[in-house]
Amino acid sequence: MKTGYSIKTWRMRLFCPEQDMLAKTEQLYQETVDFYYKILQTRQDIWKDNLLSIQRELELLTVPGRDGRVPLYTPPHGKLPVYFRRSAMNKAGIAVKSAAVVGENQKKEIIFPEKIDASLTFFKGMYRDISDTSVKLKLWDGKKWKWISSQLEGRPFPVNGTVLSPSLSHNGKLLMLHVPVKQENSDARTAKERVQTGSRICSVQFTNTDIFAMCSIQDVQGKQLAAKASRGGNTYRYRAEQALKKLEKSQKFTENDNVPHADQKHYMYLKHLNEHFAHKASREIVDFCKEQNADLIVLPVYGKDFSRMAMYQSGNYSPFHLSTRIRTYLMYKAWAEGILVLELRAEGTGKICSICGAEGTRSGKIFICKNGHQLNRYLNEARNLGLRSRETFRKNGFIKT
Ligand SMILES: [Zn+2]
């Protein structure tokens, strides 16, 4: 079977006992990136090369050779560890290449940004023994390089994941280590290949009620095999409202105090609330697909104006508003499990009966068709979306009947 991979970033709290060394290392990294960046700006001949050849060229220009070659330029503090300088070369290379591409596309003179992203990235050789609770980082104390053990805190890494070069980041006063994790995906078949071998389809409808998402699983013939509601919308809405009230109160108290971060904890709480419920709902949908052997998920999309209106009407911190985040999480969670996510226009799925196709009306949460079929309106919409995806596959020749 075809396989693929995905890369997700784990955002971990970093507790480093040597803050001063960390700051010195960051400072040196910034200087080193700037050093290579300046050199590269004068070397138009290699802007179009790939990063590896840019790296090689920079090595020739800045590192003494075994053959006695004297470099044209000397890096800050002279000799730098090989993977420290390569990481910095990469940052500089990316910055120069992207400025060059922008200039070329706009047919204008290339303008190099003064400041570029130089968040300290630890290439292999600069970090070791990484787990989801600790890591050893090679840091600079102003004179020497030393291995320093630090603690990590955050979501555990996936069992089958491969850790890639982590980078340092500041979140207010907090130190964070962003760790990209590469996960193999067991199934990278296209939608066509899946449908042709009889995939089950899970179609989804997002709602603004207690139900974050209504899911319907169908076989390729369009027969419904299972249905599930992912709930928690009311709890989410209630908790968000409470937090917003507290936020409002604290703003009243502090508006004359000139304290910039007085509301920070309430914003953080809301952020975590969003993440928690979006993770929960997306995880439930993926688990339901696995349980039912569905390997295609179909999500509804609407025209821009309609989406904007629907989001506006449902309000911030509403279950429907959270669907944007649920979608994003669902995309990567599904991919990691080998499930493909497709999107399909969903206008009109609420107007017809998913059992007989006749028109009908809605009464509260119930859909009633002219022939007397009654079912939950969101389930009806989800089922119709599934049927529509089947129709699309048939039109495209993926399935014959
Ligand atoms: Zn009907």
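Residues numbered from 1 in each chain as written. Predicted model: local features only at pLDDT ≥ 70, side-chain atom pairs only at ≥ 80, totals over all residues.

To continue, consider the overall build of the chain. Summing up its helical and strand segments, the chain has nine helices and 15 strands in all. The principal-axis extent of the C-alpha atoms belonging to the chain is close to 90 × 60 × 45 Å. Counting every position in the chain, which comprises 401 residues, the buried fraction comes to 30%. Looking at the chain alone, contacts between residues at least 24 apart form 67% of all its contacts between residues at least 6 apart. (Helix = DSSP H or I, 4+ residues; strand = E, 2+ residues; numbered from the N terminus. Buried ≥ 20, exposed ≤ 12 C-beta atoms within 10 Å, placed from the backbone. Contact = placed C-beta atoms within 7 Å.)

For the rest of this paragraph, the subject is the domain arrangement of the chain. Accessible area lost when the parts come together is the quantity often used to give the size of an interface. We note that the domain assignment places domain 1 (18-105), domain 2 (126-185) and domain 3 (191-395) within the chain. Here domain 1 and domain 3 have C-alpha centroids that lie 46 Å from each other. (Domains from an automatic or database assignment.)

We now examine the sheet that holds strand β10 (residues 224-231). Pairing is mixed in the open sheet, where five strands are placed in the order β10-β9-β8-β11-β12. The open sheet terminates on both sides in strands that have one partner only, identified here as β10 and β12 (340-345). Taking the axes of each pair of neighbouring strands and ignoring which way they run, one obtains an average angle of 25° across the sheet. The sheet contact formed by strand β11 (residues 294-301) and β12 spans six bridges and is parallel. Paired with valine 298 across the strands is leucine 342, a residue of β12. Helix-sheet contacts for helix α6 (residues 264-291) involve β8 (200-206), β9 (211-218), β10 and β11, and the interaxial angle to β9 is about 15°. (Pairing = 2+ DSSP bridges. Axes fitted to C-alpha atoms, helices over the stretch in contact; angles between N-to-C directions.)

Another aspect to go through is the sheet that holds strand β13 (residues 360-363). Here three strands make up an open sheet; going across it, the order is β13-β14-β15 and the pairing antiparallel. Each of the sheet's edge strands pairs with one partner strand only, and the pair in question is β13 and β15 (374-376). Neighbour-to-neighbour, the strand axes of this sheet turn through a mean angle of 25°, independent of strand direction.

Let us look at unusual backbone geometry. For asparagine 293, which is not a glycine, the phi torsion comes out positive at approximately 55°. Examined against the element boundaries, asparagine 293 turns out to sit in the loop between α6 and β11.

With that out of the way, let us pick up helix α8 (residues 323-336). In this model α8 runs 20 Å from its N-terminal to its C-terminal C-alpha over 14 residues, within 8% of the 20 Å that 1.5 Å per residue would give. Of the positions making up α8, those classed as buried are Ser323, Ile326, Leu330, Lys333, Ala334, Trp335 and Ala336. Where α8 terminates, the next one or two residues include glycine 338, which has phi positive at roughly 80°. (Expected span 1.5 Å × (residues − 1).)

With that settled, consider the pairing of strand β6 (residues 167-171). Here is the key point about a regular strand: its side chains alternate between the two faces of the sheet. As paired elements, β6 and strand β7 (residues 174-185) share five bridges and run antiparallel to each other. Counted as the bridge partner of serine 169 is methionine 176 from β7. Two successive antiparallel strands, β6 and β7, enclose a turn made up of two residues, where glycine 172 displays a positive phi of approximately 60°.

Within the fold, aspartate 129 resides in the loop between β2 (127-128) and β3 (134-140). Among the residues examined, aspartate 129 registers 9 C-beta atoms within 10 Å and is labelled exposed. Setting aside residues up to four positions removed in sequence, aspartate 129 forms contacts with Val135 and Lys136.

A word on the environment of phenylalanine 157. With respect to the helices and strands, phenylalanine 157 occurs in the loop between β4 (145-153) and β5 (161-163). The sequence separation of phenylalanine 157 and valine 179 amounts to 22 residues, and the corresponding C-alpha distance is 9.5 Å. Every residue in contact with phenylalanine 157, bar those within four places of it in the chain, is listed here: Trp10, Asp132, Val163 and Val181.

Given a rise of 1.5 Å per residue, 19 residues ought to cover 27 Å, and the 27 Å separating the end C-alpha atoms of helix α9 (residues 377-395) matches this to within 8%. One or two steps after α9, the chain reaches glycine 397, where phi turns positive at roughly 80°.

Among the nonpolar cores identified, the biggest contains 41 residues, and Cys202, Val204, Ala213, Met214, Cys215, Ile285 and Ile297 are the most heavily contacted of them. Counting residues per element, the ones that place at least two in this core are α4 (191-196), β8, β9, α5 (233-254), α6, β11, α8 and α9. Apart from the residues lying within four places of it in its own chain, the contact partners of isoleucine 285 are Val204, Ala213, Cys215, Ser230 and Leu330. (Core = buried A, V, L, I, M, F, W, Y, C linked by C-beta atoms within 7 Å.)

With that settled, the discussion passes to the packing of helix α2 (residues 51-62) against helix α3 (residues 82-105). Where α2 contacts α3, the axes come no closer than 10 Å and their chain directions differ by 120°. As far as their axial angle goes, α3 and α2 are oblique. Considering the relative orientation of α2 and α3, their crossing is right-handed. In contact with Leu51, Ile54, Gln55 and Leu58 of α2, α3 contributes Arg86, Met89, Asn90 and Gly93. For the contact of α2 with α3, the per-class residue count stands at four nonpolar, three polar and one charged. (Parallel < 35°, antiparallel > 145°, perpendicular 65-115°, else oblique. Left-handed = near helix turned anticlockwise from the far one by under 90°. Nonpolar A, V, L, I, M, F, W, Y, C, P; charged D, E, K, R; others polar.)

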